[in-house]
Amino acid sequence: MDFLKDPLKVAADWLLGIFAGWGMAELWADILIAFLGIFVLIALLMLLDILLVWIERKVVSRFQSRIGPNRLGPFGLIQPFADIIKLLIKEDTTPEGADRALYNLAPILSMMAVLILWAVMPLAPTILNVDLNVGVLYIIAAGAIGTLSIIMAGWSSNNKYSLIGAFREAAVMLSFEIPMLTMMLIPTIFAGSMGVAAITQAQDVWYFFLAPLAAVIFLVAAIAELGRSPFDMGEAESELVSGYNIEYSGMKFGMFYAGELLHAFTFGGFWAILFFGGYRFFGLEQVSAFLAIAILFFKAFIGYWIIMWIKYTLLRIRIDHMLAFNWKFLTPVAFTLLMTTAFMNALLADAPSWLYVGGMFLSNVLLAWAALETARYYSRREREKVEGTQKVAPT
Amino acid sequence: MATETLIWLIPLPPALAFFLIVLFTNRNKALSHTIAVGAAFLSWLGSMIVFVRALRVESLGENPFESSVNWLPTGDTWFRAGVLVDPLTAVTLFFVAWTVLMIFIYSVGYHNFGQPAGDHDHKGLPPHGATVDEHGHKHVVPSVEPLYSRFFAFIGLFAFGMFTLVVSDNLLTLFVGWEIMGLCSYLLIGFWYGKKSARDAAVKAFMTTRIGDVFMLLGIAYLYSVTGTLSFREIFTETTLRTLASIPSMVNGLSSAGLIGLLLFIGTIGKSAQFPLHVWLPDAMEGPTPVSAMIHAATMVSGGVYTAIRMFPLLSLDSTTMSIVAFIGAFTALFAATIALAQNDIKRVLAYSTISQLGFMIAALGIGAYVAAVFHLITHAFFKALLFLGSGSVIHGMEHGVLHTGKHDVDPQDMFNMGGLKNKMPITFWTFLIGGFALSGFPIVTAGFWSKDEILADAFAHNLPVFVTLAVAAFLTAFYTMRQITLTFLGEPRTKEAAHAHETPWTMTTPLVVLSVLAIGYGWIGIPEHFPLLGGLVPNWLHDFVGGTLAEHPEALEFNVVPLLTSLVVALGGLGLGYLMYRNVNSPAEDKLQLGFLKNKYYFDEIYDVVFIKPVTWFADKVVYQIMDKGFIDGILHLFGPGTQGIGDGIRNYFDLPVINKFFGDGSANATYFSGEKLRLAQTGRIQQYLMLALILFLAIGAALYFLIKV
Amino acid sequence: MTVDQVIFLAVALLTLFAALRVVTTGNIVHAAFWLIAALFGVAVIFALLNASFLAVVQVVVYIGAIAMLFIFAVMLTRKEMRDRGPQLNPNWRFGALLAAVAFGGLLLIVNGWSGVTKTASAVPSDFDAVSALGNALVSPDAYVLPFEVASVLLVAALIGAVYVAFNQK
Amino acid sequence: MVPLSWYLIFSAALFSVGLFGVLTRRNAVAILLGVELMLNSVNVNLAAFWRYGNVTDIAGQVFAIIVFAVAAAEVSVGLALVISIYRKRNTVIADDLDMLKF
C-alpha cells in the first residue's frame, strides 16, 4: 500500500538500498537518485510531449472538419514518432553569418524554460517535486528564460524577419508577464503562501469560484506568454514567414515546436493548480498518488483543450492592439482585481465561508462587468472619433 | 458600522458634495443636484440610524454615544475634538436631517430644473422665463436658474456646517460649524448678487451676526481660560459647574458662569435674530425661498437656539443671566409679532413670525423650561420649514401667472396681489393651512399647540409677566397667520396673475406633504401626562427622553387649567378674528393695521443707521483716514525718505564703489577668470576621465583614512 | 571541501569569467548575453545563501526585464552593434590599474576586519524569510517608507524614461 | 559551509570587474552593463551579511530589494538617455559625447 501512497519514497529507499549494497557513500547515492528522478521525470514528459503532438493534430483536424493522422497505428498514434524520425534525419542547417553559439543554445534554452517549470509542479500530495516557498515567482522566472531563448534565436539567426518576430514576441511576453504575475498573487492571497503546493492544499474551495475573473485573466495572459494564437506575434506566418524560428531546421526546430506544446500543456496544469484545486478531487487524491496525478493531468488536459479551442477559433490580433489591450485593459483590471481581492479578503476575514465565497465571487463578477462596460464605452467613443459620429439606423 | 463611526460620517457627504460640485460637476446640472440630494439622503440615512439606535439605549443622557480624537496640541495635553449624541442631539439630528432632505428635494423644483435656459437671464439674477415655440404658438415658461449647480454646492456646504454643529461634542467645533453656516448664509442671501438689495442684505446679515459671533468667541475663550476644556461633557460635571459659579467675574455682581453664559447667549442673539440684533433676518428674505426655509427657519437660527439649550446648565447657574434671557426672549416674541401684523410681503410675515417664535423658545429657556424649549424648537422647525416652502410654492405659482400676463411690475410676493389661490393650488393651500394652524397653535391636532401650550404652562408656573407677554404674542401670532392665509388663499383672485397661478411640480409639493405630516404628528410625542382626556394615552416620551440630557431630570408640571384655557382662547380667538377682519379686505388702503411704525419695523434700521453706521463712517473717513493715516502716519513715512536716501548715498560713494566693487567685485572676477582660463584645459568632456579622477581621489582619501585611523 | 563549497567555487568562477567577458568582449550583443550569465550566477549565489526570494527576483527582474532592456537598447543602437573596432578607450590600462587597486583595497579591508571568520547559524525552522520580508516591507515599524520611496522613484524613472526616449517627430 | 570571506572576496572581484567596465568601455550601453555588475556585487554582500548576521533581522534582504528597484530605475532612465542620444547624434560612444567641455 505504501507504494500506492508514496511511490517516490518507496522507489528511492529501494534504490538507496541497492546503491549502498554497491558500497557507494550515502551522499553520492542521494545525488545520484535525485538525478535519476529528474531524468525519469524528463523522459516521461518527453513521451507526453509526443502524445501532445498527436492530440494537437487530432484536435485541430476536428475543429477544421478533417480526420487528421490516421494511417500509422491505431488512430494514427504512431504518426508523431514518424515525424520525429523525419526531423532527426533532416539536414541541420546553420545560416551564413549566424552567431553559432547563441544559435545552438536557443532551442535548448527554449526547451529548458518549459522543463524547469515542472520542478515546482505538485503532482500528488506526496510528490511535490521541489516545494519552493516562492513557487509563483519561480514560474515567472522560468518565463523570463523563455523570453531569453526567443531573443537569442531571433538575433542569432541573422535574419531580419526572425529578429522582428523575436522583438515582438519578447515585447508581448514582457508585457503579459505583469497581469499574469498579478493574477498569480490572488491565489497567493487566498492561500497565504507563494508556494504552489501550499496553494493546492489550501484549496478547499476551488479558487475559480472565489476569483473567476482572475482565472480568465490568467488564461489570457498565459496564452500570450505561450505565443499561441490569437497572440502568436512571434510567428505570424503571413507577415514574418515563421518568426523567430524561421532559420531552424531538423531537431532544433522540433525542440521549439515540442517546447511550445509542452508549455501549453504545462500552463493548463498551472491553471488547474492555481484555480481548480490541482490534484485534489473530493479526497480521491488521498487514495493513491497515481490517482492524484491522473486527476491533475485530466484537469490540465481540459485547460490545454481550452487553449487549443481558443487557438483554432480566434484570429490573430495586430501587435499594437495586443499591447494596448494589455496595458490599457488587462493590466489595470488585474491591478484593480488584486486590490479588490485584498480588500475583500481583509473585510471578510471573519465571515462564514459561504459569505466569503459569495462576496468574492460577486465582487469578481461586478468588477468584470464594470471593466467590460468601461472598455465598451471607450471603444465606442474611439470608433466614433475615427468614423465620425454618423449613427447607423437601427435595422 | 459602529454608531460612533457613523456619527463621524454624518456631516461628511454634504461637504464632499460641495467639493465635487465646485471642482468637477459645475457644468452638469442634473449631476450636481443628484450629488447634492444624494449627499443629503446619506446624511439623513445616517441620522435616522443614529436616532433609532439612540432610542434603544437606556438612559442615553448618562451614557451618550461619544468619540473623540486628539486635535490640537495644547502644551503637554491635547485639545480633543469629537462627536457626541445625547438625547438633545438625537432629536435635533432628527429634525435637521428631515428638513434638510426635504429642502434639498424642494430646491430641484424651485430652481425650475428641466426647463429651458432663459432668454435674457444673467448669472446672479433670478430667472425671467423663456419663450417656447410649441406647435407654432409662442408662450413663456419658467426658465432654469443660471447658477443652478452653485446653489446646490452652497446648500451642501451649509448642511455640512449644521450637521457639524449638531454632532460636535465641544464648543470649538460647534463654533466652526456655526461660522461655516454664517459664511453660507452670506453666500446664499447674496445668491442673486445682481440685485443691490440682495448684496446689501447679505452684508447686513453677515455683519450683524458677526457682532454676536465676536461675543461668543470671547465667551468661549473665557470659558477655556477658566476651565481648561471646551468639551460639553467635561464642563457639565458638577464640580466644574460649581467652580464656575463660585469664581466671580470682572463684571460686578456676576459670577464667571453668568458672564460666560451671557457672552455665549449674545452669540445666540445674533444667530437666532433676537432683539436687538434681529434686523438682518427679514432682509435675508432676498435669498431664494429654499434658503429662507433652510437657513432662516429650520436650521441655522435653530442652531443658535440649540446652542443656548446646549449651554443651559451653564446659563442656569446665574439668576441674572437667566432673567436677561427670559426678558429678551419674551420681548422679542411680542415685539416681532406686532411688526408681522403690518407686513404685506408673504415671506416677511413669516420672517417676523420666525423671530417671534424663536423668542418663545428663548423665553422658555430663560424661565427654566428646558424640555418645552426643545419641544418648540423641533415643532417650529417642521412647521416653519413647511410654511416657507409653501410660501415659495405660492410665489412660484404667482410667477407663473406673471409670465403668463407678461406684466413684470407685479410683485409676486405681495399678498394683496393674491387671493383665491385655494382652488388653483390645492396641495399648497392645504399644507400651508396645516403649517399656519401649527404656527398658531390650533388646539389638539397640531404640533404647535402642544409645544406652545407647554411653554405657556411653564411660564404660568414660574413667571407671570412672561406668561402674559407670551400669551399676547401667541394671540397676535394666530391673528397674523390667519390674515396671511385669508389674504393669500381665500376669497377671489385680486389680480389676473393670481387667476393664472399654477400648482407647482411634484418635487416641490412632495416635501410640503411630508413636512405637514411631521408638523401634525410630532406634537403627539410630548402630550403632558395630566392633560384632560388625551393625557396618558400616549406616554410623554419627549419629556423623559430629552429631560435625560440634564443631570437633574426636570419635574413634569402639575396640570393647570389656566394656561390651557389661555392657549385655547388665544389660538382660536386670533384665528377667528383674523378671518373676520380680512375676509373682505382687498387692498392695503383698506387694511386698518398698516400703521407707519409697524410697517417700518419701529424704525430700527433707521435708528441703527443714525446711531451706529453714520458715526462709524464719519469716524473712519475723517479721523482714521484723513488725520491718522494721511496726516500722521504718512508724515512719519515722508520723514524717513530723505534721511535714508542720504545715508544710502554716503555708503554708495565712500564704501560700495571703491571697496566692494573695485576690490572684491572686480578683483575676485579677475582672479576667477585667470584661474578658469588655466584650468579649463582639464575639462575634456569625457565622462570616464572624470570618473577616473574621482576614483583616484576617493582611493587616496580612503587609503589615507584607513592608515591614519588604523595606525 | 563540502558540496556547498564546490558549488560556490564553480559558480563564482563561472560568474567572474562571465563578468570579465561582459567588460572585454568585442561584440556588444555578446556582452549583454554574458551579463545574463553573470546575473544567473549571482542568482545561484543567492540561492546558496538561502535567500530564495532574492534568487527568484534576481531572475525575474534582472534577467527577465533589465537584461532584455539591454538587448533591446543594443539592437536599437544599430550602428554600434556592428562596430567591431576596439571596445575599450585608449587609457584602458590606467582603468585596469585603478580597478586592480580598488580590488586590492577591498581585499585589504576584508582582511583587516575581524568579523570575517563569522560562521552562519542555521536558519530557524519556524522562520519564514519570505513572509518576514513581506511584513518588513509593509510594516510601519520597519521599512515601509524606504519601500514607498523606492516605488515612487521607479514610477518617476519610468515616466522620465518614456519622456526622454519618446520620439517627438 | 562556505566562509563569509569567500562571498566578500567574490563580491569585491565582481565589483572591480564592473568598475573596470565602467571606466574603460567605449559604448555607453556597455558602461551601464558594468554598473549592473557593480550593483549585483553590492547585493551579494547584502545577502551574505544577512545570512551570516542575525537571520531573523531581514534588513539585508530589504536593502537588496531596494537595490533592485534602484537598478531598474537606473537602467530604464540610462537606456532611455542612450537611445535619445543615439537618435540625435547617431553615436553612443562615450568619448564622442564630450559636449560638456568648455
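Before reading further, recall that the structure is shown in the block above.
A quick note: this is a predicted structure, and the numbers were derived from the prediction, not measured.

S.K.: Help me understand the overall build of chain D, please; the structure alone is not making it clear to me.
M.R.: The helix and strand tally for chain D stands at 3 helices and 0 strands. Written out in order from the N terminus, the α and β elements of chain D read α-α-α. Going through the 102 residues of chain D one by one, you find that 71% of them count as buried. By element, 68% of the accessible surface of chain D is carried by carbon and sulfur atoms, the whole surface being about 3200 Å².

S.K.: Explain empty space enclosed by the protein to me, please; I cannot follow it from the model alone.
M.R.: All names here are of chain A. As enumerated under the stated definition, the model contains 7 cavities of 30 Å³ or more in all. There is about 200 Å³ of room inside the largest cavity. When contributions to the lining of the largest cavity are tallied by element, the ones reaching two or more residues are α5 (100-115), α6 (135-156), α7 (160-191), α10 (212-226) and α12 (250-275). The class makeup of the residues in the lining of the largest cavity is 7 nonpolar, 6 polar and 4 charged.

S.K.: So what exactly am I meant to see when it comes to the interface of chain B and chain C here?
M.R.: Size of an interface: often given as the accessible area lost when the parts come together. With 9 residues of chain B in contact, the opposing surface of chain C contributes 10 residues. When the two sides are added together, the surface that chain B and chain C hide from each other amounts to roughly 740 Å², 77% of it contributed by carbon and sulfur. Of all residues in chain B, the largest losses of buried area upon contact with chain C belong to M692(B), L699(B) and Y706(B), amounting jointly to 60% of the total for that side. One can count 0 salt bridges joining chain B with chain C. Inspection of the chain B/chain C interface yields 0 residue pairs in polar contact (both at pLDDT 80 or more). Residues of the side of chain B that touches chain C, tallied by class, amount to 6 nonpolar, 2 polar and 1 charged.

S.K.: How should a nonpolar patch on the surface be read in this particular structure?
M.R.: Residue and element names in this part refer to chain A. A cluster of nonpolar residues, F39, V40, L44, L47, L51, L72, F75, L77, I78 and F81, forms a patch on the protein surface that exposes about 940 Å² of accessible area. If you tally residues by element for the nonpolar patch, the top one is helix α3 (residues 26-63), at 5 residues. Tracing the chain through its elements places L47 in helix α3.

S.K.: Help me understand the interface of chain D and chain C, please; the structure alone is not making it clear to me.
M.R.: Taken together, the contact between chain D and chain C spans 74 residues of the former and 87 residues of the latter. Counting the surface lost from both chain D and chain C, the interface buries some 7100 Å², and carbon and sulfur atoms represent 77% of this. Counting the contacts that link chain D with chain C gives 0 salt bridges. Where chain D meets chain C, there are 5 residue pairs in polar contact (both at pLDDT 80 or more). Going through the elements one at a time, α1 (4-24), α2 (28-52) and α3 (59-89) of chain D are the ones with two or more residues in the side of chain D that touches chain C. Looking at which element gives the most residues to the side of chain D that touches chain C, the answer is α3(D), with 24 residues. Residues belonging to the side of chain D that touches chain C are distributed by class as follows: 53 nonpolar, 14 polar and 7 charged.

S.K.: Would you take a moment to explain the environment of A459(B) for this structure?
M.R.: All names here are of chain B. Mapped onto the elements of the fold, A459 is located in helix α20 (residues 447-462). Residue classification places A459 among the buried positions, given a relative accessible area of 0%. Along the chain, A459 and A364 lie 95 residues apart, while their C-alpha atoms are 7.1 Å from each other. Sequence-distant contacts of A459, that is, excluding residues within four places in its chain, are made with I367, L464, V466, F467 and L470.

S.K.: When you look at the side chain of D318(B) in this model, what are you seeing that I'm missing?
M.R.: Residue and element names in this part refer to chain B. Along the chain, the position of D318 falls in the loop between α14 (312-315) and α15 (319-340). Within the buried set, D318 has no salt-bridge partner at all; the shortest N-O distance to an opposite charge, 15 Å, is to R242. When near neighbours in sequence (up to four residues on either side) are disregarded, D318 contacts L254, S255 and G258.

S.K.: Explanation requested: the pattern of salt bridges in the structure shown.
M.R.: Opposite charge on two side chains allows them to pair when their charged atoms are near. All names here are of chain A. Considering all chains together, one arrives at 20 salt bridges over all chains under this definition. Of the charged contacts, one joins E56 and R228 as a salt bridge, the two residues approaching to 2.9 Å between their closest N and O atoms. With E56 in helix α3 and R228 in the loop between α10 and α11 (237-240), this pair connects stretches of sequence that are 172 residues apart. Residue E56 shares its accessibility class with R228, and that shared class is buried. For D83, the salt bridge goes to R57, with nearest N and O atoms at 2.7 Å. Linking D83 in helix α4 (residues 79-89) with R57 in helix α3, this pair joins segments that are 26 residues apart in sequence. Via salt bridges that share partners, E56, R228, E260 and K311 belong to a single interconnected network.

S.K.: Can you help me understand the side chain of H263(A) in this one?
M.R.: Structurally, H263(A) can be placed in helix α12. In contact with H263(A), not counting residues within four places along its chain, are V114(A), L117(A) and L226(A).

S.K.: Can you walk me through the packing of helix α17 (residues 370-405) of chain B against helix α23 (residues 506-521) of chain B in this structure?
M.R.: Working note: a packed helix pair is described by the angle between its axes plus the distance between those axes. Residues and elements named next belong to chain B. At a minimum axis separation of 9 Å, α17 and α23 run at an interaxial angle of 150°. Classed by the angle they form, the pair α17 and α23 counts as roughly antiparallel. Crossing handedness for the pair α17 and α23: left-handed. For the pair α17 and α23, the contacting residues are F382, F383, A385, L386, L389, G390, G392, S393 and H396 in the first and M508, P511, L512, L515, S516, L518 and A519 in the second. Per-class residue counts for the contact of α17 with α23 are 11 nonpolar, 5 polar and no charged.

Here is what the cut-offs are and how they apply
- Residues numbered from 1 in each chain as written.
- Chains lettered and ligands numbered in written order.
- Predicted model: local features only at pLDDT ≥ 70, side-chain atom pairs only at ≥ 80, totals over all residues.
- Heavy atoms only, no water.
- Helix = DSSP H or I, 4+ residues; strand = E, 2+ residues; numbered from the N terminus.
- Buried < 20%, exposed > 50% of the residue type's maximum accessible area, 1.4 Å probe, protein only.
- Areas by Shrake-Rupley, 256 points an atom, 1.4 Å probe, with all protein chains shown as cover.
- 1 Å grid on protein atoms, 1.4 Å probe; cavity = no way out; pocket = protein on both sides within 12 Å on 5 of 7 lines; lining within 4 Å.
- Points joined across faces, edges and corners; volume = space filled by probe spheres on them.
- Nonpolar A, V, L, I, M, F, W, Y, C, P; charged D, E, K, R; others polar.
- Contact = heavy atoms within 4.5 Å.
- Buried area = accessible area lost by both parts, 1.4 Å probe.
- Salt bridge = Lys/Arg side-chain N within 4 Å of Asp/Glu carboxyl O.
- Polar contact = N/O pair within 3.5 Å; in protein donor to acceptor, adjacent residues only side chain to side chain.
- Patch = residues over 30% accessible without salt bridge, like charges linked within 9 Å, V, L, I, M, F, W, Y side chains within 5 Å.
- Lys, Arg positive; Asp, Glu negative; His and termini not counted.
- Axes fitted to C-alpha atoms, helices over the stretch in contact; angles between N-to-C directions.
- Parallel < 35°, antiparallel > 145°, perpendicular 65-115°, else oblique.
- Left-handed = near helix turned anticlockwise from the far one by under 90°.

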